[in-house]
Amino acid sequence: MKIPFCGPSYVYRSTNFDAQRAINLYPARSEVGTSKAEWLMCPTPGRTAFANLPKQPIRGEYRTPSRAFAVAYDTLYEIFSDGTYIERGALLTFTGNVSMADNGIELIIVDGTVTGGWLLTLADNNYAQITSDFGGGVTVCFIDGYFLVNVPGSGIYQWSDIYNGGNWPPGNTANAEGSPDNLVAVVTVHRQVFLIGGDTIEVIYNTGASPDPFERVQGVFIEYGTNAPFSVQQAANTIFWIGTDKSGANVVWMAEGYNPKRISTTPIEYYLSKYNTSGATSYSYQEDGHYFIVWNVPGAPSSLVYDVTEQQWHERARWNTSSGLYERDRPDFHMYIFGKHLVSDYQDGIIYEQNLTYNDDNGTLIKRVRSMPYFTDDLEFLYFSEFQIDMQTGVGLIDDANTANTNPVANLRWSDDGGHSWSTEISVPIGEIGQYYTRVRWPGSLGRSRFRIWEISIIANVPVYMIAAHQKVSKGYA
């Protein structure tokens, strides 16, 4: 019989209710309705090193239409299409995320300190610190020729002269007055600026008036802010953020126009509640029509990913072969440039090219896991005599030194106590190259249970596409 297989990560506070996971796999829906199944599990992209900056950690990435930049430790680097790089200037700080924007003429970098602002003139690569009455910025955005920042530790936002990021007149400031909370981040969407505070959000736009060109959009006031400036992500024509407000925290929101929409699930909110989210970072990218928002939270063992296209969550993580445990995924930042997805490692100076054609993580094998929904029937005993996965087979590599890649296997284990303990793994081949008729099945007695969770894992440098699960089961009475 065919049983539910594809789906998101949804590990409830009580795993006896639900314990399904999708790690380094994500569900994708058929768009035609005539495919073999409605859903399949697809592999997340792999990576290979593109550039290795001499300093670490990488604190931010940014692209103009034709140029790529990254700040590592105290240095701004420009990165070229062949992976080489050159220093463009120095900062006065060494740690903490930076925010960048450009106006087509200048690139601006802010680092969250009251004196931390630098400009790179794009035409001649002149680099200088901003000194003209600049109050500093936690984040920076661009709108209608102006740079706009939120001044650290205040509810104030400040804007530059038009197309002049070196001049910040003292009168070019205003308060986000809708609430007394401090401003945490500023983001441009639809030629409007979302002023994101600790508890609330208001929106301003450029009226063209002088001397103060910015005015609030009347009637717009969102009562969910954030304590994590770098959890805010502009993507898919809107913004996403990990929320805080007067009532609580850890709901993930997206803006539908000016209305907040909860996109997190109860298990995602429970996951976030176990960590301090104020240091959370995020990045977004689009691939194969899927818009992904990736959040990393310090201390968490996996990265949380929301697929905007499918409205589903999955996890990404690096498998530590020494400890036998997952660790958070490597990237903190992303830019699409030179026709490549370039992501940076949160610990060192490596910038990776990320691509679905790569099936390992810069030489480290990726462990992909699907823990399925519960299978139960009125809590009666169920006797399992076979399990089978419908998946892409015959994918082993040719002439690879690692047999895990030339003759890859799928590993099956199960839990009969709500995910608190697991059986020993049983491995079967998924086919050397060209063995497309391989059946990925586990015949024979597989025990009995009143409620079972099946889990499949694959660790190999091969593409992993899993479509459905089938089992032979008989019902007993006890």
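See the structure printed just above.
First, a word on what this report is: a plain description of the structure on this page. Bear in mind that the values here come from a model prediction, so they are computed numbers and not experimental data.

What follows concerns a nonpolar patch on the surface. A surface patch of nonpolar side chains, amounting to about 280 Å² of accessible area, comprises Ile105, Ile162 and Tyr163. Secondary-structure assignment places isoleucine 105 in the loop between strand 11 (99–102) and strand 12 (106–110). Of the residues examined, isoleucine 105 reaches a relative accessible area of 41% and is grouped as partly exposed.

This paragraph deals with the packing of aromatic side chains. Any aromatic ring pair is given by two values, namely how distant the centres are and how the planes are angled relative to each other. Counted by the stated rule, this structure contains 25 aromatic pairs. A ring pair is formed by tryptophan 319 and tyrosine 326, whose centres lie 4.9 Å apart and whose planes are at 70 degrees; its orientation type is edge-to-face. Exposure class is identical for tryptophan 319 and tyrosine 326. Each is buried. Relative to phenylalanine 451, the ring of tyrosine 374 has its centre 6.0 Å away and its plane inclined at 70 degrees; by these criteria the two rings are edge-to-face. With tyrosine 374 in the loop between strand 37 (367–371) and strand 38 (375–376) and phenylalanine 451 in strand 44 (residues 451–459), this pair connects stretches of sequence that are 77 residues apart.

A few words on the pairing of strand 34 (residues 350–355). Here strand 34 lies mainly inside the structure; 5 of its 6 residues are buried. Bridge analysis of strand 6 (residues 46–52) against strand 34 gives 6 bridges, and the strand direction is antiparallel. Residue pairing in the sheet places arginine 47 in a bridge with glutamine 354 of strand 34. Relative to strand 34, strand 33 (residues 340–345) runs antiparallel, the two sharing 4 bridges. The residue of strand 34 that forms the bridge with histidine 341 is glutamine 354. The hairpin formed by strand 33 and strand 34 contains 4 residues between the paired strands.

Before going further, it helps to examine the pattern of salt bridges. Taken as a whole, this structure holds 23 salt bridges when the rule is applied. Arginine 330 is the partner of aspartate 345 in a salt bridge, and the nearest nitrogen-oxygen pair spans 2.9 Å. On the criterion of sequence distance, the pair formed by aspartate 345 in strand 33 and arginine 330 in the loop between strand 31 (325–328) and strand 32 (331–337) is long-range, its members being 15 residues apart. Here aspartate 345 and arginine 330 have matching classes, each one buried. Here the salt bridges do not stand alone but share partners, grouping Arg47, Arg318, Asp329 and Asp361 into one network.

Right, let's talk about the sheet that holds strand 8 (residues 68–72) for a bit. One open sheet holds the 4 strands; their spatial order is 7-8-9-10, and the pairing between them is antiparallel. Looking at which strands have only one partner, the edges of the open sheet turn out to be strand 7 (58–63) and strand 10 (85–90). Ignoring which end each strand starts from, the neighbouring axes of this sheet average 25 degrees apart. The pairing of strand 9 (residues 75–79) with strand 10 spans 5 bridges and is antiparallel. Looking at strand 10, one finds that tyrosine 77 is bridged to glutamate 87.

Note that soluble globular proteins tend to have their nonpolar side chains buried in a common cluster. Counting residues in hydrophobic clusters, the biggest one holds 29 residues, and the most contacted among them are Phe387, Ile389, Trp442, Trp454 and Met466. Secondary structure elements with two or more residues in this core: strand 39 (382–391), strand 40 (409–415), strand 42 (440–443), strand 44 and strand 45 (466–475). The biggest single contributor to this core is strand 39, with 5 residues. Leave out the neighbours within four places in its chain, and methionine 466 touches Phe5, Cys6, Leu25, Leu40, Met41, Arg370, Ile389, Asp390, Met391, Ile456 and Ile458. By size, the runner-up hydrophobic cluster in this structure holds 19 residues, among which are Ile268, Ala280, Ala300 and Leu304.

Attention now moves to the sheet that holds strand 20 (residues 192–197). Strand order in the open sheet made by the 4 strands is 19-20-21-22, with antiparallel pairing throughout. Because the sheet does not close on itself, it has two edges, and the strands there are strand 19 (183–189) and strand 22 (214–216). Strand after strand, the sheet turns through a mean of 30 degrees between neighbouring axes, direction not considered. Bridging between strand 19 and strand 20 involves 6 bridges; their strand directions are antiparallel. For valine 186, the partnering residue across the bridge sits in strand 20 and is leucine 195.

Moving on: the pairing of strand 39. For strand 39, a buried count of 8 out of 10 residues is recorded, marking the element as mostly surrounded by other parts of the structure. Across 2 bridges, the pairing between strand 39 and strand 43 (residues 448–449) is antiparallel. Its bridge partner lying in strand 43, leucine 382 is registered against serine 449. With 4 bridges connecting them, strand 39 and strand 42 associate as antiparallel partners. Along strand 42, the bridge assignment pairs glutamine 388 with arginine 441.

The rules behind these values
- Residues numbered from 1 in each chain as written.
- Predicted model: local features only at pLDDT ≥ 70, side-chain atom pairs only at ≥ 80, totals over all residues.
- Heavy atoms only, no water.
- Patch = residues over 30% accessible without salt bridge, like charges linked within 9 Å, V, L, I, M, F, W, Y side chains within 5 Å.
- Areas by Shrake-Rupley, 256 points an atom, 1.4 Å probe, with all protein chains shown as cover.
- Salt bridge = Lys/Arg side-chain N within 4 Å of Asp/Glu carboxyl O.
- Helix = DSSP H or I, 4+ residues; strand = E, 2+ residues; numbered from the N terminus.
- Buried < 20%, exposed > 50% of the residue type's maximum accessible area, 1.4 Å probe, protein only.
- Phe/Tyr/Trp six-rings, centres within 6.5 Å; stacked < 30°, edge-to-face > 60°.
- Pairing = 2+ DSSP bridges.
- Axes fitted to C-alpha atoms, helices over the stretch in contact; angles between N-to-C directions.
- Core = buried A, V, L, I, M, F, W, Y, C linked by side-chain atoms within 4.5 Å.
- Contact = heavy atoms within 4.5 Å.

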